[in-house]
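The lines below spell out each chain.
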Amino acid sequence: MSNPITTSGLQGGDVATDHQSGQSTRQWVDAHDAAIDAAGPKGDKLTTTWTSASGPQSVVTTRWLDEDDAHFLARHEGEYLPAMNAEPPIP
């Protein structure tokens, strides 16, 4: 059973990225980053969840007033990447 990295609050609904055979954790996270960049945010809250060895993890980012989509996505990624370094996702 796979434990995807999932982000909600995007155009078209949640984006879930499964770990692919042979992929490093960094490649997996990079694939998820690319997928959410392509989707774009829908509203004012992004939530990314994953499973680490310690259990379920999540990071929630709320859009700042007048923040554009690109900055909002970059800020969210900047918040969840350190959390994933501390609690790496497991497939």
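The sections below set out a description of the structure shown in this document. (Residues numbered from 1 in each chain as written. Predicted model: local features only at pLDDT ≥ 70, side-chain atom pairs only at ≥ 80, totals over all residues. Heavy atoms only, no water.)

Bringing the sheet that holds strand β2 (residues 15-17) into the picture now. The strand order across the open sheet formed by 4 strands is β2-β1-β3-β4, and the pairing between neighbours is antiparallel. Each edge of the open sheet carries a strand with a single partner, namely β2 and β4 (55-62). Put simply, the sheet's adjacent strands are angled 15° from each other on average, direction ignored. Both strand β1 (residues 5-8) and strand β3 (residues 45-52) contribute to a ladder of 3 bridges, which runs antiparallel. If you follow Thr6 over to β3, its bridge partner there is Thr49. (Pairing = 2+ DSSP bridges. Helix = DSSP H or I, 4+ residues; strand = E, 2+ residues; numbered from the N terminus. Axes fitted to C-alpha atoms, helices over the stretch in contact; angles between N-to-C directions.)

This part covers the environment of Ala86. In this structure, Ala86 sits in helix α2 (residues 69-86). Judged by its relative accessible area of 59%, Ala86 falls in the exposed class. Each C-alpha atom, one on Ala86 and one on Thr51, is 12 Å from the other, the two residues being 35 residues apart in sequence. (Buried < 20%, exposed > 50% of the residue type's maximum accessible area, 1.4 Å probe, protein only.)

What follows concerns the pattern of salt bridges. Enumeration according to the criterion identifies 5 salt bridges in this entry. For Asp30, the salt bridge is made with Arg26, and the minimal N-O distance between the two is 2.9 Å. Here the residue Asp30 and the residue Arg26 both occupy positions in helix α1 (residues 25-39), the gap between them amounting to 4 residues, near one helical turn. On the basis of relative accessible area, Asp30 is assigned to the partly exposed category, the value being 38%. As a salt-bridge pair, Arg63 and Asp44 come within 3.2 Å of each other at their nearest N and O atoms. Of this pair, Arg63 sits in the loop between β4 and α2 while Asp44 sits in the loop between α1 and β3, placing them 19 residues apart in sequence. Taking the relative accessible area as the measure of exposure, Asp44 reaches 51% and is therefore exposed. Within this structure, Asp44, Arg63 and Asp69 form a network of salt bridges that share partners. (Salt bridge = Lys/Arg side-chain N within 4 Å of Asp/Glu carboxyl O.)

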